[in-house]
Amino acid sequence: MTHIDFPTLENRPVKVLFVCLGNICRSPAAEGIMRHIVEENGDSRDWVIDSAGTGGYHIGQLPDNRMRIHARRRGLELTHRCRQVNPEDFYRFDLIIPMDASNESNLRRLSPTTETDAKIIPMARFVDMALRYDYIPDPYYEGAEGFELVLDLLENGCANLYHAVKSIISQ
Ligand code: 4NP
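These lines cover the structure that appears in this document, whether it is placed above or below. Only a predicted model underlies this, so the values are computations on that prediction, with no experimental measurement involved.

For the protein, the helix and strand inventory stands at six helices and three strands. Put simply, the protein runs from its N terminus to its C terminus through helices and strands in the order β-α-β-α-α-β-α-α-α. Dimensions of the protein along its principal axes, counting C-alpha atoms only, are 40 × 30 × 30 Å. By residue count, 51% of the 171 residues in the protein fall in the buried class. Of the roughly 8,600 Å² of accessible surface on the protein, 48% is carried by carbon and sulfur atoms. Taking the average location of the 19 positive side-chain charges in the protein and that of its 25 negative ones, the two points are 3 Å from each other.

As a structural note, the neighbourhood of the ligand is formed by Cys-20, Leu-21, Gly-22, Asn-23, Ile-24, Cys-25, Arg-26, Tyr-57, His-58, Asp-138 and Tyr-140. Note that an oxygen atom of the ligand is positioned 3.0 Å from one of the backbone N or O atoms of Leu-21. In the model, an oxygen atom of the ligand is placed 2.7 Å from a nitrogen or oxygen of the His-58 side chain. Relative to its unbound accessible area of 360 Å², the ligand is 92% covered by the protein chains.

Time to look at the nonpolar core. Counting residues in hydrophobic clusters, the biggest one holds 39 residues, and the most contacted among them are Phe-18, Ile-97, Leu-154 and Leu-161. Those elements that provide at least two residues to this core are strand E1 (14–20), helix H1 (26–40), strand E2 (47–53), helix H2 (65–73), strand E3 (95–98) and helix H6 (144–169). Membership of the second largest hydrophobic core comes to nine residues, among which are Val-85, Phe-90, Leu-107 and Ile-120.

Here we come to the side chain of Thr-54. Among the secondary structure elements, Thr-54 is positioned in the loop between E2 and H2. Other than its neighbours up to four places away in sequence, Thr-54 contacts Val-19, Cys-20, Leu-21, Gln-84, Val-85, Asn-103 and Asn-106.

As enumerated under the stated definition, the model contains 12 salt bridges in all. Where Glu-77 meets Arg-72, a salt bridge forms, and the shortest distance between an N and an O atom there is 3.2 Å. Under the relative-accessibility criterion, Arg-72 is labelled partly exposed at 40%. It is possible to trace a salt-bridge network through shared partners that takes in Arg-74, Glu-148, Asp-152 and Glu-155.

The strand order across the open sheet formed by three strands is E2-E1-E3, and the pairing between neighbours is parallel. With one partner strand each, in any of the chains shown, E2 and E3 form the two edges of the open sheet. With strand direction ignored, the average angle separating the axes of adjacent strands in the sheet is 20°. Of the pairings in the sheet, the one linking E1 to E3 comprises four bridges and is parallel in character.

Our next topic: unusual backbone geometry. Following Arg-12, the chain continues to Pro-13 via a peptide bond in cis, the omega torsion being -5°. Take Pro-13: it is sitting in the segment before E1. Within the chain, Asn-23 stands out as a residue other than glycine whose phi angle is a positive 55°. Here Asn-23 is to be found in the loop between E1 and H1. What makes Asn-23 buried here is its relative accessible area of 0%. With a phi close to 60°, Arg-132 is a non-glycine residue in the positive phi region. Structurally, Arg-132 is set in the loop between helix H5 (114–117) and H6.

Cut-off values and rules
Residues numbered from 1 in each chain as written. Predicted model: local features only at pLDDT ≥ 70, side-chain atom pairs only at ≥ 80, totals over all residues. Heavy atoms only, no water. Helix = DSSP H or I, 4+ residues; strand = E, 2+ residues; numbered from the N terminus. Buried < 20%, exposed > 50% of the residue type's maximum accessible area, 1.4 Å probe, protein only. Areas by Shrake-Rupley, 256 points an atom, 1.4 Å probe, with all protein chains shown as cover. Lys, Arg positive; Asp, Glu negative; His and termini not counted. Charge placed at Lys NZ, Arg CZ, Asp CG, Glu CD. Near = heavy atom within 4 Å. Polar contact = N/O pair within 3.5 Å; in protein donor to acceptor, adjacent residues only side chain to side chain. Core = buried A, V, L, I, M, F, W, Y, C linked by side-chain atoms within 4.5 Å. Contact = heavy atoms within 4.5 Å. Salt bridge = Lys/Arg side-chain N within 4 Å of Asp/Glu carboxyl O. Pairing = 2+ DSSP bridges. Axes fitted to C-alpha atoms, helices over the stretch in contact; angles between N-to-C directions.

Next up, the structure:
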């Protein structure tokens, strides 16, 4: 992980929103992984974790069955209900984490102010360079290995995100 400029994180809980296109594969998986890490560390009181999609194709649905099955094999139950990003998210959340460049440019287009622009940090910035991915690839049209790859990248990135934020908020 190279240096990341975080926005000021003044309030507790810290509120993190993961964003992808459909909000049925990558971002609900990131939400579930992050919540698991936070719970394992006994830190639930200090975090609010949610996810949303830039698209509105699957609103109200549970995550994609394939993602739920692959996540369950790793001990994660994904129960998020799909929702679309809305303008208030830019004020409510402290960190807004897109999965790929397309999600990021959609968010930057919707972002109302320079302060809210600063909350947008791509997920791949938190993924170890050694894994050689500068985005989280959309698994929707892929096979099982696509879902496993997403979960591997997200487990690594969420652990790094957790430790980076933790070191800021415990200063
Ligand atoms: P996600 O994957 O962005 O990781 O949730 C997708 C899910 C659905 C669609 C695209 C991507 N879709 O076009 O319906």
